[in-house]
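Remarks on the overall topology
Each chain, written out:
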Amino acid sequence: MIRHLITLLWNSRRKFIGIIVEQALVFIVLTICMVTLFDMIRQYREPGLLDTENVVLFGFMADQTMARDKEKCREINQAVDACIGNMRQWDNVESTSESLSLVPYLREPGFYHTDSVMISGNKFQAEVKFADIDAQQVFNIEMEEGEWLPTLPNRARPAVITRKLADQVGSNYNLIGAQFSDKRNITYTITGIVSGIKESVFAPSGPGVIIPKEKTAYNAFSRYREICARVKPGQVEEFCNASYLEFQRLVPYFNEIEFIIRDMGIFKAKNMFPATSRLKLLFIPTLFLLIFAFIGTLGLLMLNVKKRAQEFGIHRAVGASSIQLLWWMVVQSLLLTLIASIPGIILSFFIFSVTATHLLAILTAVGAMLVFSLVSAYYPAWQITKINPAVVLHQE
């Protein structure tokens, strides 16, 4: 049957060339969309994405004039500490954490702090992030090995490193318990390894170290602070309103500083917007192409059924069942789609790298085209089953 259909399609290639070209174009565009989508999914699922659902960021930034007034900065920071202490007692707050350069989506990836660290006698460039012990609970950070910034004896400084930095150091070293130093010659002890800390939704996690954000005399005069709170589900808006009033009530010079309190989901959506917008710009014209291709394919197949009505009538007269003729039309449509997909598949291997993600995307595009082919062939195939051989042969 397949061989006969291929022969028939070849002999009637001029009739079907329009369908093949149209579907080939749709397949190429659809493949580009699928590869883009699957790449985004792969990047999203890469390790290191912090859990920011039900997390609220709040903090402040003082301008240069305010920063020069040490007494005002001290009063503001004392009031902020009091607000944080009050919030920890609220029923809708699960945990709070203060950090620096750990909270994602606030800056472009290149603007996060980096420094050189010396591990096992070798120097590595790493992103340096400061966090407290509660950051693990706020962002649901899972450890691959070890612990998150535990208290060490003899006032030793703990540190956590990312998997990418651990891989750069090499598998020949047992890194848990190993020490490293930064360019200020401060020594830290590695207590754990995390899969990563992503700064952007679709950007990979880089080599990094997380060290404790310690309370020092300098912190009393900070002009910028990042604090996050994990809130019980469904109570984010209530928390935002209550915390704003709390800060407004307790923080002096409130109207003179830039205060922020916002659901981290907003920052995440904003961070994802450029990539999702590009994907929409690809899928919208692809959808219109599919609609136009569906109309064109349906019209050509209906015309083909009309022109071959006598042929199908003869098949019915000599014993072919309506189901056999229906499958004839469906298989013919599927073969046309597979033939139309061949140029796009070949082109894909020249445009995209051969990876499991891209192969899966191409197969998904082929599957989508086959479904499209089945849908567009259904009505013409159903029309074939309604052919009355006696009427058709009488007309002949």
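Residues numbered from 1 in each chain as written. Predicted model: local features only at pLDDT ≥ 70, side-chain atom pairs only at ≥ 80, totals over all residues. Heavy atoms only, no water.

So, about the confidence of the model for the protein chain. The predicted structure's coordinates, where accompanied by low pLDDT, should not be read in detail. Here the protein chain averages 83 in pLDDT, and 84% of its residues register 70 or above. For the protein chain, the element scoring lowest by mean pLDDT is helix α12 (residues 389-395), at 53; helix α5 (residues 135-138) scores highest, at 95. (pLDDT = per-residue confidence, 0-100. Helix = DSSP H or I, 4+ residues; strand = E, 2+ residues; numbered from the N terminus.)

Along the chain, Leu301 falls in helix α8 (residues 264-307). With relative accessibility at 1%, the residue Leu301 sits in the buried group. Counting along the chain gives 282 residues from Leu301 to Ile19, while the straight-line C-alpha distance between them is 9.1 Å. Beyond its immediate stretch of four places on either side in the chain, Leu301 contacts Ile19, Met329, Gln332, Ser333, Ser376, Ala377 and Pro380. (Buried < 20%, exposed > 50% of the residue type's maximum accessible area, 1.4 Å probe, protein only. Contact = heavy atoms within 4.5 Å.)

Mapped onto the fold, Arg157 is located in the loop between β5 (143-146) and β6 (158-162). When the C-alpha atoms of Arg157 and Thr191 are compared, they prove to be 9.5 Å apart, with 34 residues separating the residues in sequence.

Here the focus is the nonpolar core. Within the largest apolar cluster, 25 residues are counted, with the highest numbers of intra-cluster contacts made by Phe139, Trp148 and Ile210. Elements with a minimum of two residues in this core: β1 (55-61), α5 and α8. Considering each element in turn, this core owes the most residues, four residues, to α8. Setting aside anything within four residues of it in sequence, one finds Phe139 in contact with Leu50, Asp51, Thr52, Val55, Leu102, Val103, Cys228 and Arg230. Membership of the second largest hydrophobic core comes to 24 residues, among which are Phe60, Ala79, Cys240 and Ile261. (Core = buried A, V, L, I, M, F, W, Y, C linked by side-chain atoms within 4.5 Å.)

A separate point is the packing of helix α4 (residues 70-87) against helix α7 (residues 236-250). Axis separation between α4 and α7 bottoms out at 10 Å; the angle between their running directions is 145°. By crossing handedness, the relation of α4 to α7 is classed as right-handed. Residues Ala79, Val80, Cys83, Asn86 and Met87 of α4 lie in contact with α7, whose contacting residues are Phe239, Ser243, Glu246, Phe247, Arg249 and Leu250. Its residues placed into classes, the contact of α4 with α7 shows seven nonpolar, two polar and two charged. (Axes fitted to C-alpha atoms, helices over the stretch in contact; angles between N-to-C directions. Left-handed = near helix turned anticlockwise from the far one by under 90°. Nonpolar A, V, L, I, M, F, W, Y, C, P; charged D, E, K, R; others polar.)

With respect to the helices, strands and loops of the structure, Ser243 is situated in helix α7. For Ser243, a relative accessible area of 0% corresponds to the buried category. Side-chain polar atoms of Ser243 contact the backbone oxygen of Phe239, separated by 2.8 Å. When neighbours within four sequence positions are excluded, Ser243 is seen to be in contact with Met87, Trp90 and Ile261. (Polar contact = N/O pair within 3.5 Å; in protein donor to acceptor, adjacent residues only side chain to side chain.)

Attention now moves to the sheet that holds strand β2 (residues 93-99). With respect to topology, four strands assemble into an open sheet ordered β2-β10-β1-β11, the strand pairing being antiparallel. In this open sheet, the two strands that pair with only one neighbour each are β2 and β11 (258-263). Between one strand axis and the next, the sheet turns by 15° as a mean value, whatever way the strands run. Examined bridge by bridge, β1 and strand β10 (residues 224-231) share seven bridges and lie antiparallel to one another. (Pairing = 2+ DSSP bridges.)

Under the defined criterion, the tally for this structure stands at 16 salt bridges. With a closest N to O distance of 3.0 Å, Arg163 and Glu145 form a salt bridge. Placement of the pair is Arg163 in helix α6 (residues 163-169) and Glu145 in strand β5, with a sequence separation of 18 residues. A residue is classified by how much of its surface remains accessible, and Glu145, at 33% relative accessible area, is partly exposed. Each member of the salt-bridge network shares a partner with another, and the members are Asp81, Glu98, Lys213 and Arg225. (Salt bridge = Lys/Arg side-chain N within 4 Å of Asp/Glu carboxyl O.)

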